[in-house]
Amino acid sequence: MSPPASWALFLDVDGTLIEIADAPDAVHVDEHVGGLLARLSGCLNGALALASGRPLAVLDRFFAPLELPAAGLHGLERRSADGHVNRTDGALALGPARRELERFAAAHPGTLLEDKSATLALHYRRAADAETEAREVMERVRASLGPAYGVQEGKMVLELKPHRPNKRTVVEDFMAEAPFRDRVPVFIGDDITDEDGFAAAQGYGGTAIVVGLQRETGRTSNAQYGLSGVRELHRWLEALGERLESR
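Small disclaimer: the values here were computed from a predicted structure and weren't measured. (Residues numbered from 1 in each chain as written. Predicted model: local features only at pLDDT ≥ 70, side-chain atom pairs only at ≥ 80, totals over all residues. Heavy atoms only, no water.)

On to the pairing of strand E7 (residues 120–123), then. A regular strand places its side chains so that they alternate between the two faces of the sheet. Side chains of E7 alternate between two faces, with Leu120 and Leu122 and Ala121 and His123 buried alike. Alignment of strand E6 (residues 112–115) against E7, held across four bridges, turns out to be antiparallel. Each residue of the ladder has a partner; that of Glu114, found in E7, is Ala121. Between E6 and E7, which follow one another and run antiparallel, lie four residues, and Ser117 among them has a positive phi close to 75°. By the bridge criterion, four bridges tie E7 to strand E9 (residues 157–162) in an arrangement that is antiparallel. Looking at the pairing, Leu120 lines up with Leu160 of E9. (Buried < 20%, exposed > 50% of the residue type's maximum accessible area, 1.4 Å probe, protein only. Helix = DSSP H or I, 4+ residues; strand = E, 2+ residues; numbered from the N terminus. Pairing = 2+ DSSP bridges.)

Right, dumping it as structure tokens:
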């Protein structure tokens with residue numbers, strides 16, 4: 001790996017920086033994580049960004065008062081290092097799909113529809129036996145929206161979203177801007193959604209690190225390195241901060 005001082009660090013959130021919970025609003029954010037991110041961002045001259053399926057407003061609440069460069073909703077919202085925010089609004093196009101998925105969730109106890117306005121995420125972590133039906137209804141509503149939309153799979157969740165942007169384009173967009181430009185990207189994530197980010201980082205000659213994915217799902221990843229879980233990542237980031245500060 002290249003020297004850490006030259007890195008641009010990209011971090012997924014759920015399953016990477018914080019543990020996944022049974023419901024999206026039930027997560028716990030360790031108090032020290034925001035401070036750790038602020039410390040690392042300072043050491044990297046601001047070249048640290050979050051890349052998440054969560055909205056920017058939720059990310060800001062998790063790590064308040066910190067407001068980092070970040071991509072929310074898989075890139076449908078993106079805040080540059082200068083604070084400028086770009087948003088792609090697809091909420092109106094999702095109206096019929098939203099209503100059908102709401103009906104599905106109401107009829108299948110344990111499933112949960114997370115309405116992110118521009119994307120719709122159907123969770124079945126509490127209703128694993130509903131997975132087949134969840135996939136069927138998601139494919140039906142995806143087909144009704146045409147080729148611009150796809151279903152992004154995650155850990156016991158299916159998310160209806162535009163094919164672009166994604167975590168590959170997120171990395172590409174940040175790498176075209178200061179302070180990320182001319183640095184070496186290191187993308188850290190845990191899920192299928194992060195594979196696009198892994199590929200983008202590697203395409204720039206950088207590195208991909210997967211957190212706990214293989215252990216939990218048995219699925220292989222294209223990441224070159226792996227960490228066992230969220231707590232090990234926190235320890236790794238702490239050590240990285242110490243190394244950068246000792247330069």
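Strands in a sheet are paired, the pairing made by backbone hydrogen bonds, and the direction either parallel or antiparallel. Strand order in the open sheet formed by four strands is E6-E7-E9-E8, and the pairing between neighbours is antiparallel. Only two strands of the sheet have a single neighbouring strand rather than two, namely E6 and strand E8 (149–154). Here the average twist between neighbouring strands, direction ignored, is 20°. Against the sheet, helix H4 (residues 131–145) contacts E7, E8 and E9, and its axis sits at roughly 5° relative to E9. (Axes fitted to C-alpha atoms, helices over the stretch in contact; angles between N-to-C directions. Contact = heavy atoms within 4.5 Å.)

Within helix H5 (residues 167–175), burial applies to Lys167, Thr169, Val170, Val171, Phe174 and Met175. Turning to H5, the residues buried within the fold contact strand E1 (7–11), strand E2 (48–51), strand E3 (70–72), strand E4 (77–79), strand E10 (184–189) and helix H6 (195–203).

Our next topic: empty space enclosed by the protein. The full count for this structure, using the stated rule, is two cavities of 30 Å³ or more. Size it by volume and the largest cavity reaches roughly 440 Å³. Surrounding the largest cavity, 29 residues form its lining, Asp14, Ile20, His123, Val157 and Asp191 being those nearest its centre. At the level of secondary structure, the elements contributing two or more residues to the lining of the largest cavity comprise E7, E8 and E9. Per-element accounting of the lining of the largest cavity gives the leading share, three residues, to E8. (1 Å grid on protein atoms, 1.4 Å probe; cavity = no way out; pocket = protein on both sides within 12 Å on 5 of 7 lines; lining within 4 Å. Points joined across faces, edges and corners; volume = space filled by probe spheres on them.)

This brings us to the pattern of salt bridges. Under the counting rule described, the total for this entry stands at 16 salt bridges. Put simply, Arg78 and Asp173 hold a salt bridge, and the shortest N to O gap is 4.0 Å. Here Arg78 is found in strand E4, whereas its partner Asp173 is found in helix H5, with 95 residues between them in sequence. The buried category is assigned to Arg78, whose relative accessible area is 8%. A salt bridge links Asp115 to Arg98; its shortest N-O distance comes to 2.7 Å. Taken together, the residues Asp115 in strand E6 and Arg98 in helix H3 (residues 95–107) connect sequence positions 17 residues apart. Put simply, Asp12, Lys167 and Asp194 are held in one network by salt bridges that share partners. (Salt bridge = Lys/Arg side-chain N within 4 Å of Asp/Glu carboxyl O.)

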